[in-house]
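Chain residues, written in single-letter form:
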Amino acid sequence: MDALSLKGLAKVYPNGVEALKGIDLTVREGEFYALLGPNGAGKTTAIGIITTLVNKTAGKVHVYGHDLDSDPAAVKKCIGVTPQEVNLNMFEKLLPTMMHQAGYFGLTPRQARRNAEKCLKAVRLWDERNMLARTLSGGMKRRLMIARAMVHEPKLLILDEPTAGVDIEIRRSMWDLLREINERGVTIILTTHYLEEAEHLCRRIAILDRGEIVVEDRMERVLRQLPEQHFVISLQQPASPGQKFAGFQVHWRSRYEMEVEVPATRSLNEFFELLNAAGIQVLSIRHKTNRLEELFVRLTMPDLPKLPDREPGPTLEQPDVAKA
């Protein structure tokens, strides 16, 4: 079954701004789906329409088979939403916050209490259930918002920038939480400006730009659209800068580090074979830039001036002593 189906979805605001230009989009049940795009691309408008907060101009929306036009109540019951901005009642305790949210969806007090306990335990906030929301850290507030969105047991969870403003450690722990929720069968649609987050979590992706979908496919297929990839390679032993490797562009940052451009027609294994033949041993390797970020920029900002091809690094005359 399709969790979400958009057909010809369009939105024109009274001031003439065409936010959505008849987009078609399908999210399968159980998917972890990334909906990405620059500011003003139409993501927020699309989410607003799906969640009944914005009136569409044209098109059809179905959520788990329910038509938004004929049965909006059923659509809303299927969806849980965490907005980008923290919108908690800061002077309310966590358990009442959960109970009140459950009540909006018609759960009995007993059902609401049971679901609230289950969701707060899932986000590791049960011990804080009698604390005021205002006393929570930023990461705990984000987790509470996810728990609140899940309290009525929705089939589709829409997360709008769920890790905005939290530190790296909390972000990684929230990734684990979202994977657990998805593995329990909940379909998740994620919007984020942390493209590393989308690449790590999502199996399918759509990129919106100026109200249109510019790419939609499985994550690995989308990433294969890059014409080349750039890697930074650290070496176990110093090597002679300036060595050439047929079919690959190499820039030596020092005797211990190089950047290599691997075209889509070649494999990284081929480059390793050339290194091995030259007697060069690799200590570590990493992508120079996030692959999804690189593709995102190429698709949505083609006129953006290109950054320098190389990262600043130690010069050949001043090798990286720490790595020696």
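Details of the structure are given in the entry above.
Residues numbered from 1 in each chain as written. Predicted model: local features only at pLDDT ≥ 70, side-chain atom pairs only at ≥ 80, totals over all residues. Heavy atoms only, no water.

1. Focus: the sheet that holds strand β9 (residues 204-209)
Spatially, β6-β7-β8-β3-β9-β10 is the arrangement adopted by the six strands of the open sheet, whose pairing is mixed. Each end of this open sheet is capped by a strand with a single partner; those strands are β6 (79-82) and β10 (212-218). Looking at each pair of strands side by side, their axes are set apart by 15 degrees on average, direction ignored. Where β9 meets β10, six bridges bridge the pair, whose relative direction is antiparallel. Looking at the pairing, aspartate 209 lines up with glutamate 212 of β10. The sheet strands contacting helix α5 (residues 138-150) are β6 and β7 (156-160), and the helix crosses β6 at an angle near 165 degrees. Strands β3 (32-36), β7 and β8 (187-191) of the sheet are contacted by helix α6 (residues 168-183), whose axis makes an angle of about 145 degrees with β8. (Pairing = 2+ DSSP bridges. Helix = DSSP H or I, 4+ residues; strand = E, 2+ residues; numbered from the N terminus. Axes fitted to C-alpha atoms, helices over the stretch in contact; angles between N-to-C directions. Contact = heavy atoms within 4.5 Å.)

2. Some words on helix α3 (residues 94-104)
Three or more residues of α3 are buried, namely Leu94, Leu95, Thr97, Met98, Gln101 and Ala102. Within α3, the buried residues cover an arc of 160 degrees as seen down the axis, which keeps them to one side. (Buried < 20%, exposed > 50% of the residue type's maximum accessible area, 1.4 Å probe, protein only. Arc of directions from axis to C-beta.)

3. A closer look at the pairing of strand β11 (residues 228-235)
Most of β11 is tucked away, with six of its eight residues classed as buried. Two elements, β11 and strand β13 (residues 257-263), share seven bridges in a ladder whose sense is antiparallel. Paired with histidine 230 across the strands is glutamate 261, a residue of β13. Of the strand pairs in this sheet, β11 and strand β14 (residues 282-287) are connected by five bridges, and their pairing is antiparallel. Note on β14: the bridge partner recorded for valine 232 is arginine 286.

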